[in-house]
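Results of the structural survey
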Amino acid sequence: KKQHPRPYGQFGYPDYPCGMLRSSPADVAEYMAVMLGGGRSRHGIRILRTSSVDQSFADVFKESHPNQGVFWYSRGERFFGEPNIGHSGYDYGAATEMWLLLNSRVGVAVMINQDGDAAEA
């Protein structure tokens with residue numbers, strides 16, 4: 001029997017650090033633009049220090065988790081012939097993937113309102 005998705009309504013729980021975080025596609029696009037811009041928005045406004053951006057890209061867990069930074073990680077693959085980093089996550093009723101192509105300074109994000117397991121199928 002085919003099961004149809006059921007709405008969760010407004011959902012959240014206070015787990016640390018991600019619980020109850022709400023972001024729109026525009027928010028995620030602006031965040032990726034700041035990261036690709038070395039801490040500056042697409043309008044040239046300084047949001048983060050360059051050193052903060054660099055630290056978030058650094059492989060800080062080299063020994064235990066190769067290719068894992070503070071926030072970003074790499075799957076060791078190349079997209080369109082260049083290095084990339086990304087972050088993904090899902091919870092009940094929502095899933096997000098975002099990836100940055102570092103050389104061409106292009107970001108791609110996909111946000112869906114379906115469970116992560118179903119999204120990967």
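Structure: above.
What this report covers is the structure whose coordinates are included nearby. (Residues numbered from 1 in each chain as written. Predicted model: local features only at pLDDT ≥ 70, side-chain atom pairs only at ≥ 80, totals over all residues. Heavy atoms only, no water.)

**Examining the nonpolar core**
With nine residues, the main nonpolar core is built from Val28, Met32, Met35, Leu36, Val53, Trp72, Ile85, Met98 and Leu100. Looking at this core, the elements that each hand over two or more residues are helix H1 (25–36) and strand E2 (94–101). In terms of residues, this core owes the most to one element, H1, which gives four residues. Not counting chain neighbours up to four residues away, the residues in contact with valine 53 comprise Met35, Gly38, Gly39 and Leu48. (Core = buried A, V, L, I, M, F, W, Y, C linked by side-chain atoms within 4.5 Å. Buried < 20%, exposed > 50% of the residue type's maximum accessible area, 1.4 Å probe, protein only. Helix = DSSP H or I, 4+ residues; strand = E, 2+ residues; numbered from the N terminus. Contact = heavy atoms within 4.5 Å.)

**Remarks on the sheet that holds strand E3 (residues 106–112)**
The sheet built from three strands is open, its strands ordered E1-E2-E3 with antiparallel pairing. Each of the sheet's edge strands pairs with one partner strand only, and the pair in question is strand E1 (84–91) and E3. Strand-to-strand twist in this sheet, taken as the mean axis angle between neighbours without regard to direction, amounts to 5°. (Pairing = 2+ DSSP bridges. Axes fitted to C-alpha atoms, helices over the stretch in contact; angles between N-to-C directions.)

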